[in-house]
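Per-entry structural report
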Amino acid sequence: MPEANQVVVVTGASRGAGKGIAEALGATGATVYVTGRTVEEGSADLPGTVAATAEAVNRAGGVGIAVACDHSDDAQVEALFQRVAEEQGRLDILVNNATYVHDALVQAGPFWEKPLSLTDIWDVGMRSHYVASYYAAPLLLRSDAGLVVNTSSFGGRIYMHGPAYGAGKAAVDKMAHDMAVDFRPYNVCVVSIWMGLLLTERTRRVFEAEPDKYADLAATAEHPQFTGRVIAALARDPARMEKSGRVHIGAELGQEYGVSDLEGRQPPSHRAFFGPPTEFGDAVVE
């Protein structure tokens, strides 16, 4: 496992993927800063707060630190990393997960019949990944083996939920590739990980409403903690820089590293149905 004193930031961790990732990294003994906008239970449509996630990290064996942060506000993001600098002096792992998810995302129909606000994912979910990485960079350079992970999905390659979502995911995949070029001389690995269907609070609500309809789909879903376990395995891989700048399917990394989901199950790759990860050219134009 990663060293027990690793310093981690997981953005967008009040619930969902971010919460599970933070909890799994906490299980390695890391100090995990978790960010999110929800500070009071009941103030959001779905359960979860940053404080509750920090407590989950503590219970897992790490040190959870809750930070209320709106990732659409650059000043708040800058303040987050200033705090990490003052309290820890470095950053070992940054997980860019904060993403705006509109309730109409899975609504059927062409994009022009959906709310224009679906494009907010280009702010929180695309631009926010860039901003967090920008302010985190000086701290990552102080790590012996820094790691940046953009959480993403097959929507970066195929039609999934429409062009707003697809453009956002394709962008964070390409961002990981380009940032890896700049970070490589400093031994900082940057990857984008395609997660499968996650058993988050949002999806559980859908499944529980029509259990018979979604039984087969639910059986293939991943717990959010699985991606955190994969990230922990990647962080301790001495050859991790060979994976830098690339898009990876989380389930396949799990198979490579011998990482399983909570019940010991190996999540499916979905490569056969959705296709392989996006590949980028090797040329560098400065």
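Coordinates for the structure precede this section.
A short tour of the structure in this document, coming up.

Procedures and definitions
- Residues numbered from 1 in each chain as written.
- Predicted model: local features only at pLDDT ≥ 70, side-chain atom pairs only at ≥ 80, totals over all residues.
- Heavy atoms only, no water.
- Buried < 20%, exposed > 50% of the residue type's maximum accessible area, 1.4 Å probe, protein only.
- Helix = DSSP H or I, 4+ residues; strand = E, 2+ residues; numbered from the N terminus.
- Arc of directions from axis to C-beta.
- Contact = heavy atoms within 4.5 Å.
- Phe/Tyr/Trp six-rings, centres within 6.5 Å; stacked < 30°, edge-to-face > 60°.
- Core = buried A, V, L, I, M, F, W, Y, C linked by side-chain atoms within 4.5 Å.
- Polar contact = N/O pair within 3.5 Å; in protein donor to acceptor, adjacent residues only side chain to side chain.
- 1 Å grid on protein atoms, 1.4 Å probe; cavity = no way out; pocket = protein on both sides within 12 Å on 5 of 7 lines; lining within 4 Å.
- Points joined across faces, edges and corners; volume = space filled by probe spheres on them.
- Nonpolar A, V, L, I, M, F, W, Y, C, P; charged D, E, K, R; others polar.

Take helix 1 (residues 16-26) next. In terms of residue burial, helix 1 counts as a mostly covered element, since 9 of its 11 residues are buried. Looking only at helix 1, the buried set comprises Gly 16, Ala 17, Gly 18, Gly 20, Ile 21, Ala 22, Ala 24, Leu 25 and Gly 26.

What follows concerns helix 9 (residues 250-257). Buried within helix 9 are the following residues: Gly 250, Ala 251, Leu 253, Gly 254 and Tyr 257. Taken around the axis of helix 9, the buried residues stretch over an arc of 160°, which confines them to a single face. Each element contacted by the buried residues of helix 9 is listed here: strand 6 (189-194), helix 8 (224-235) and strand 7 (247-249). Of the residues flanking the end of helix 9, it is Gly 258, one or two places downstream, whose phi is positive at about 70°.

Within a pair of aromatic rings, the relevant descriptors are the distance that separates the centres and the angle that separates the planes. All told, the structure shown has 5 aromatic pairs when counted by the stated rule. Arranged with centres 5.2 Å apart and planes meeting at 80°, the rings of Phe 111 and Trp 112 form a pair that is edge-to-face. Note on Phe 111: relative accessible area 51%, which makes it exposed. Here Trp 112 falls in the exposed class, since its relative accessible area comes to 63%.

This brings us to the nonpolar core. For soluble globular proteins, the rule of thumb is that nonpolar side chains tend to be buried together. Membership of the largest hydrophobic core comes to 29 residues, with the highest contact counts inside it found for Val 10, Leu 25, Val 32, Leu 147 and Ile 231. Top element by residues in this core is helix 8. It accounts for 7 residues. If sequence neighbours within four positions are ignored, Val 10 has contacts with Gly 18, Ile 21, Ala 22, Leu 25, Val 32, Tyr 33, Val 34, Thr 35 and Val 95.

For Glu 201, the position within the fold is in helix 6 (residues 201-209). Considering only alpha carbons, one finds Glu 201 and Gly 26, 175 residues apart in sequence, at a separation of 20 Å. Glu 201 has contacts with Arg 15, Gly 16, Lys 19, Leu 46 and Pro 47, leaving out every residue within four places of it along the chain. Among the polar contacts listed, one links the side chain of Glu 201 to the backbone nitrogen of Gly 16, at a separation of 2.9 Å.

Under the criterion given, the structure shown has 2 cavities of 30 Å³ or more. Its boundaries defined by the atoms lining it, the largest cavity holds a volume of some 50 Å³. Forming the walls of the largest cavity are Tyr 100, Val 101, His 102, Leu 105, Leu 118, Ile 121, Ala 164 and Tyr 165. When grouped by side-chain class, the residues that make up the lining of the largest cavity number 7 nonpolar, 1 polar and no charged. If you add up the space inside the second largest cavity, you get close to 30 Å³. When residues of the lining of the second largest cavity are traced back to their parent elements, those giving at least two are strand 6 and helix 8. If you tally residues by element for the lining of the second largest cavity, the top one is helix 8, at 3 residues. Each residue belonging to the lining of the second largest cavity can be placed in one class, and the counts come to 5 nonpolar, 2 polar and 1 charged.

For the second largest pocket, the calculated volume is near 420 Å³. Along its surface, the second largest pocket is lined by 23 residues, and Ser 244, Gly 245, Arg 246, Val 247 and His 248 are the ones closest to its centre. For the lining of the second largest pocket, the secondary-structure elements that each account for two or more residues are helix 5 (163-183), strand 7 and helix 9. When its residues are assigned to classes, the lining of the second largest pocket shows 10 nonpolar, 6 polar and 7 charged.

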